[in-house]
Amino acid sequence: MNSIDRKVIKEMLRSKRYMREMLNACASCGLCAESCFVYKNTGDRNAVPSYKVRNTLGKLFKTGGRVSRRELEEMSRLLWGHCVLCRQCYCPMGIDLSSIMAWGRAICRSQNIDGAAEEHER
């Protein structure tokens, strides 16, 4: 299955509009980086929680879910490859980063994209 169902993505985004407000509150200050053990152990800027949420769910909200399958697969690499959903990420603005990432994973799964499949391709 190479296509994605944008209607499903749009409905999922609509059902969690409050997450868009949380993303809008993100100042991209990077203070969340030190609470992420993946970032602390790798130093990879792709692992900074604010980077992950802005480049996954943030992009989905910004485009209204109009992304390609390839773009969604790239997002899944951030959501699974750079996050273990340990819920340790801390945002001084009170943004629930791990909930946003979990919802991003749910959207990917709705399109039959998951981290396990992505890992097998590497």
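Our subject is the structure that appears above.
Residues numbered from 1 in each chain as written. Predicted model: local features only at pLDDT ≥ 70, side-chain atom pairs only at ≥ 80, totals over all residues. Heavy atoms only, no water.

1. Some points on the overall build of the protein
Here is step 1 of the chain: Counting its regular elements, the protein contains 8 helices and 0 strands.
Here is step 2 of the chain: Taken from N to C terminus, the helices and strands of the protein fall in the order α-α-α-α-α-α-α-α.
Here is step 3 of the chain: Computed over C-alpha atoms, the radius of gyration of the protein comes to 14 Å, within 12% of the 14 Å expected from 2.2 N^0.38 for 122 residues, which places it in the range of a compact globule.
Here is step 4 of the chain: Considering only C-alpha atoms, the protein reaches an extent of 40 × 35 × 20 Å along its principal axes.
Here is step 5 of the chain: For the protein, with 122 residues in total, the buried portion stands at 42%.
Here is step 6 of the chain: Put simply, of all contacts in the protein between residues at least 6 apart along the chain, 71% involve residues at least 24 apart.
Here is step 7 of the chain: Summed over its atoms, the accessible surface of the protein is roughly 6900 Å², and 48% of this surface lies on carbon and sulfur atoms.
Here is step 8 of the chain: Measuring between centres, the 21 positive side-chain charges of the protein sit 5 Å from its 13 negative side-chain charges. (Helix = DSSP H or I, 4+ residues; strand = E, 2+ residues; numbered from the N terminus. Rg over C-alpha atoms; globule rule 2.2 N^0.38 Å. Buried < 20%, exposed > 50% of the residue type's maximum accessible area, 1.4 Å probe, protein only. Contact = heavy atoms within 4.5 Å. Areas by Shrake-Rupley, 256 points an atom, 1.4 Å probe, with all protein chains shown as cover. Lys, Arg positive; Asp, Glu negative; His and termini not counted. Charge placed at Lys NZ, Arg CZ, Asp CG, Glu CD.)

2. Let's talk about the packing of aromatic side chains
Here is step 1 of the chain: Going through the model one piece at a time under the given rule, you end up with 0 aromatic pairs.
Here is step 2 of the chain: The cationic tip of Lys16 hangs over the ring face of Trp103; the distance from NZ or CZ to the ring centre is 4.6 Å. (Phe/Tyr/Trp six-rings, centres within 6.5 Å; stacked < 30°, edge-to-face > 60°. Lys NZ or Arg CZ within 6 Å of the ring centre and 35° of its normal.)

3. Brief notes about the nonpolar core
Nonpolar side chains in soluble globular proteins generally cluster together in the buried interior.
Here is step 1 of the chain: Ranked by internal contacts, the top residues of the largest apolar core, which has 31 residues, are Leu57, Leu60, Leu72, Leu97, Ile100 and Ile107.
Here is step 2 of the chain: Listed by contribution, the elements that provide at least two residues to this core are helix H1 (6-15), helix H2 (17-25), helix H5 (57-63), helix H6 (69-81) and helix H7 (97-110).
Here is step 3 of the chain: Here this core gets 7 residues from one element, more than from any other, and that element is H7.
Here is step 4 of the chain: Residues contacting Ile100, with those up to four places away along its chain left out, are Met19, Met22, Leu23, Val53, Leu57 and Ile95. (Core = buried A, V, L, I, M, F, W, Y, C linked by side-chain atoms within 4.5 Å.)

4. Notes on unusual backbone geometry
Glycine aside, negative phi is the norm for most residues, and most peptide bonds take the trans geometry.
Here is step 1 of the chain: Phi at Leu85 is positive, roughly 50 degrees, even though this residue is not glycine.
Here is step 2 of the chain: Here Leu85 lies in the loop between H6 and H7.
Here is step 3 of the chain: In this model, Arg87 sits at a positive phi of 65 degrees, which is unusual for a non-glycine residue.
Here is step 4 of the chain: Relative to the assigned elements, Arg87 resides in the loop between H6 and H7.

5. Focus on H6
Here is step 1 of the chain: Between its first and last C-alpha, H6 extends 17 Å over 13 residues, near the 18 Å set by a 1.5 Å rise per residue.
Here is step 2 of the chain: Turning to H6, its buried residues are Arg69, Leu72, Met75, Ser76, Leu78 and Leu79. The buried residues of H6 occupy an angular sector of 165 degrees when projected down its axis, which confines them to one face. (Expected span 1.5 Å × (residues − 1). Arc of directions from axis to C-beta.)

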